[in-house]
Amino acid sequence: MPVFNITGDVDPFLHVSLAKGEKIYCESNAMVMMETNLELKGKMTGGIGAALMRTFANGESFFQQHIEAVRGDGDCLLSPTLPGAMRVLDVGKELGAQQYMISDGAFVAASAGVELKVRTQSLGNALFAQSGGFFITETAGSGQLAVSGFGAMSILEVTPGKDVVIDNSHVVCWDSRLQYEISMTTGSGGGFLGNLINSQTSGEGMVLKFSGTGKILVCSRNRAAFLAWTQSKPA
């Protein structure tokens, strides 16, 4: 199986070692360097329908990069689009065949045994969450998955009776065993419209409430807020 390692402290690389015959796939333009024993191809993973669904769900490119060790063992370096931390997760190996739900733009790479599936989510989550609209990406199979977050990244453990509320712009991915629902940072006494207005004017926006047992990866920076800040600055 390909070996994934994070290398570097600031804006790290994903270093992948492949034995002959092994392959991985990654987001378009993620490849920085690869040895000549490796071969790079652009493919629609899962066919045109699956590629379209992933594009709508996670903002991924229609074509993904597939890297295969064709001529012998080889290494490659990958990098996410946005600056920040990366994490390597084991998919389908832990107790309960652990799988993950992935937020927009967080996917970096995966070994060939990991599949990215798209499923529908509830109307409320689809309308207000920043997690793929009516569709969201979930892993299947087994292997390694690399995800990235804008800024630093941390792992939160959720246990029964200790629900957590997270600004959805800071959520990278979460254990698919967790229950989640969209909510607002304001209280429930002002009605939906009042809470919606208060939430937006306070600058906090929507949040995701998680319950159950599992882990969540969060990042320190908000992509949308950072983009708005850069656009507001004079040239």
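Refer to the structure presented above.
Residues numbered from 1 in each chain as written. Predicted model: local features only at pLDDT ≥ 70, side-chain atom pairs only at ≥ 80, totals over all residues. Heavy atoms only, no water.

## Digging into the sheet that holds strand β1 (residues 3–7)
Strands sit in the order β1-β2-β7-β4 across an open sheet of four strands; the sheet is antiparallel. What marks the edges here is a single partner per strand, and that holds for β1 and β4 (31–34). Taken pair by pair, the neighbouring strands of this sheet meet at an average axis angle of 20°, ignoring direction. With three bridges joining them, β4 and strand β7 (residues 74–78) adopt antiparallel strand pairing. For M34, the partnering residue across the bridge sits in β7 and is C76. (Pairing = 2+ DSSP bridges. Helix = DSSP H or I, 4+ residues; strand = E, 2+ residues; numbered from the N terminus. Axes fitted to C-alpha atoms, helices over the stretch in contact; angles between N-to-C directions.)

## Here's the deal with the packing of aromatic side chains
Taken as a whole and assessed by the stated rule, the structure comprises four aromatic pairs. Chaining the aromatic ring pairs together yields one cluster made of W174, Y180 and F210. (Phe/Tyr/Trp six-rings, centres within 6.5 Å; stacked < 30°, edge-to-face > 60°.)

## A look at the environment of N37
Along the chain, N37 falls in the loop between β4 and β5 (38–43). Look at N37 and you get partly exposed, because its relative accessible area is 27%. C-alpha of N37 to C-alpha of R71: the two residues are 34 residues apart in sequence and 4.7 Å apart in space. Once residues lying within four places of it in the same chain are set aside, the contact partners of N37 are E68, A69, V70, R71, G72 and D73. Among the polar contacts made by the side chain of N37, one reaches the main-chain carbonyl oxygen of D73 at a distance of 2.8 Å. (Buried < 20%, exposed > 50% of the residue type's maximum accessible area, 1.4 Å probe, protein only. Contact = heavy atoms within 4.5 Å. Polar contact = N/O pair within 3.5 Å; in protein donor to acceptor, adjacent residues only side chain to side chain.)

## Some words on the sheet that holds strand β13 (residues 143–148)
Ordered by their spatial adjacency, six strands build an open sheet running β5-β6-β3-β10-β13-β8, and the pairing between neighbours is antiparallel. Lying at the two open borders of the sheet, with one neighbouring strand each, are β5 and β8 (86–91). If you compare each strand with its neighbour and ignore which way they point, the axes differ by 20° on average. Where strand β3 (residues 23–26) and strand β10 (residues 107–111) come together, three bridges link them in antiparallel fashion.

## A closer look at the state of the cysteines
Enumeration over the complete set of coordinates arrives at zero disulfides. Sulfur of C76: no disulfide; nearest cysteine sulfur belongs to C26 and is 7.1 Å away. (Disulfide = S-S within 2.5 Å.)

## Overview of the pattern of salt bridges
For the coordinates displayed, the defined rule picks out four salt bridges. When the shortest N-O distance is used, the salt bridge between E68 and K23 registers 3.9 Å. Residue E68 is found in strand β6 (residues 64–69), and its partner K23 is found in strand β3; the two are separated by 45 residues along the sequence. Assessed through its relative accessible area of 35%, K23 is described here as partly exposed. (Salt bridge = Lys/Arg side-chain N within 4 Å of Asp/Glu carboxyl O.)

## Section: the side chain of Q98
Among the secondary structure elements, Q98 is positioned in the loop between β8 and β9 (100–102). Residue class for Q98 comes out buried when judged on its relative accessible area of 2%. Of note is the side chain of Q98, whose polar atom sits 3.0 Å from the side chain of Y100.

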